[in-house]
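Coordinate analysis (summary)
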Amino acid sequence: MEDFESQFRAENDQIQFHPSDKKEAEFIYIQLKVEWSYLREKLNKSRDSLDKLLDEDIEKKTQEVGTLIFVNKALQSIKEKFEAVKIWFDKNDLPHPKVPKTTKLREERVALFNEYIKNLRQKIKDDIMPNQSEIQGT
C-alpha cells in the first residue's frame, strides 16, 4: 500500500482524512478499497483452511490462527481509514469513486498465474515421484 499516512490524523479519538485534493482522495479511496477486498479474501481463505484442518495438525492450525489475527488487525486499521475517506466524500458531496475494472482483471490474472504455478508444481512432483504402476512396469 502506498504511503499516504500523512493524510490521516487522529482527532477526538477518531481518524480524520485530510487530502490535498479530490484526485488524491480518489486514489486513496481506490487503494483502500482494493486492499480491503484483498484482506477480506485472505481472511475468508484462512478461515476455510482452518475449518478443513484436522485436530492433529497443530502446527498448521497455529499458522492459520496467526494469519487470521494478522489479517484481522490489518482489516481493522484499513476500516477506520476507509470510513474516514467515505465521510470526507460525503461531507464534500462527492460520489464515491468506482474501482476500475483493470484492478479486477489484474486479480484474475494473479489467480490464474497462481493456479498455473500450483499445477506446474504438481506436474514436477508427479514426474519426480512416478506412481507404482510405472515403477512395476505394468
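Notes on the structure follow.

Definitions and limits used
Residues numbered from 1 in each chain as written. Predicted model: local features only at pLDDT ≥ 70, side-chain atom pairs only at ≥ 80, totals over all residues. Heavy atoms only, no water. Pairing = 2+ DSSP bridges. Helix = DSSP H or I, 4+ residues; strand = E, 2+ residues; numbered from the N terminus. Salt bridge = Lys/Arg side-chain N within 4 Å of Asp/Glu carboxyl O. Buried < 20%, exposed > 50% of the residue type's maximum accessible area, 1.4 Å probe, protein only. Contact = heavy atoms within 4.5 Å. Phe/Tyr/Trp six-rings, centres within 6.5 Å; stacked < 30°, edge-to-face > 60°. Lys NZ or Arg CZ within 6 Å of the ring centre and 35° of its normal.

Note that strand S1 (residues 8-11) and strand S2 (residues 14-17) share 4 bridges and pair antiparallel. Counted as the bridge partner of Arg9 is Gln16 from S2.

Take the pattern of salt bridges next. Within the structure shown, the criterion is met by 3 salt bridges. The shortest N-O distance in the salt bridge between Lys22 and Glu26 comes to 3.6 Å. Linking Lys22 with Glu26, this pair stays in helix H1 (residues 22-52), spanning 4 residues, or about one helical turn. Between Glu41 and Lys45 there is a salt bridge, and its shortest N-O distance comes to 3.2 Å. Residue Glu41 and its partner Lys45 are both found in helix H1; the two are separated by 4 residues, about one turn of the helix.

Counting through the fold element by element, Ser46 comes out in helix H1. What makes Ser46 buried here is its relative accessible area of 5%. Apart from the residues within four sequence positions on either side, Ser46 is in contact with Glu64, Thr67 and Leu68.

Attention now goes to the packing of aromatic side chains. Here the structure, examined in full by the defined rule, presents 5 aromatic pairs. Judged by centre distance (6.0 Å) and plane angle (90 degrees), the rings of Phe17 and Trp88 are edge-to-face. Note that Phe17 is positioned in strand S2 and Trp88 in helix H2 (residues 58-91), a separation of 71 residues in sequence. In terms of burial, Phe17 and Trp88 fall into one category: buried. Between the aromatic rings of Tyr29 and Phe89, the centroid separation amounts to 5.7 Å while the plane-to-plane angle is 75 degrees, which identifies the pairing as edge-to-face. In this pair, Tyr29 sits in helix H1 while Phe89 sits in helix H2, placing the two residues 60 residues apart along the sequence. On the basis of relative accessibility, which here comes to 5%, the residue Tyr29 falls in the buried class. Among the aromatic side chains, those forming a connected cluster through ring pairs are Phe8, Phe17, Tyr29, Phe82, Trp88 and Phe89. Looking at Lys81, its charged tip hangs above the ring of Phe8, at a distance of 5.9 Å from the centre.

Relative to the elements of secondary structure, Ser49 occurs in helix H1. A residue is classified by how much of its surface remains accessible, and Ser49, at 25% relative accessible area, is partly exposed. With 11 residues separating them along the chain, Ser49 and Lys60 place their C-alpha atoms 9.3 Å apart.

On to the environment of Val71. Relative to the elements of secondary structure, Val71 occurs in helix H2. Looking at Val71, the relative accessible area reads 2%, which means it is buried. Setting aside its immediate chain neighbours within four residues, Val71 contacts Leu39, Lys42 and Leu43.

Honestly, that's just the spatial picture; any functional story needs more than this.
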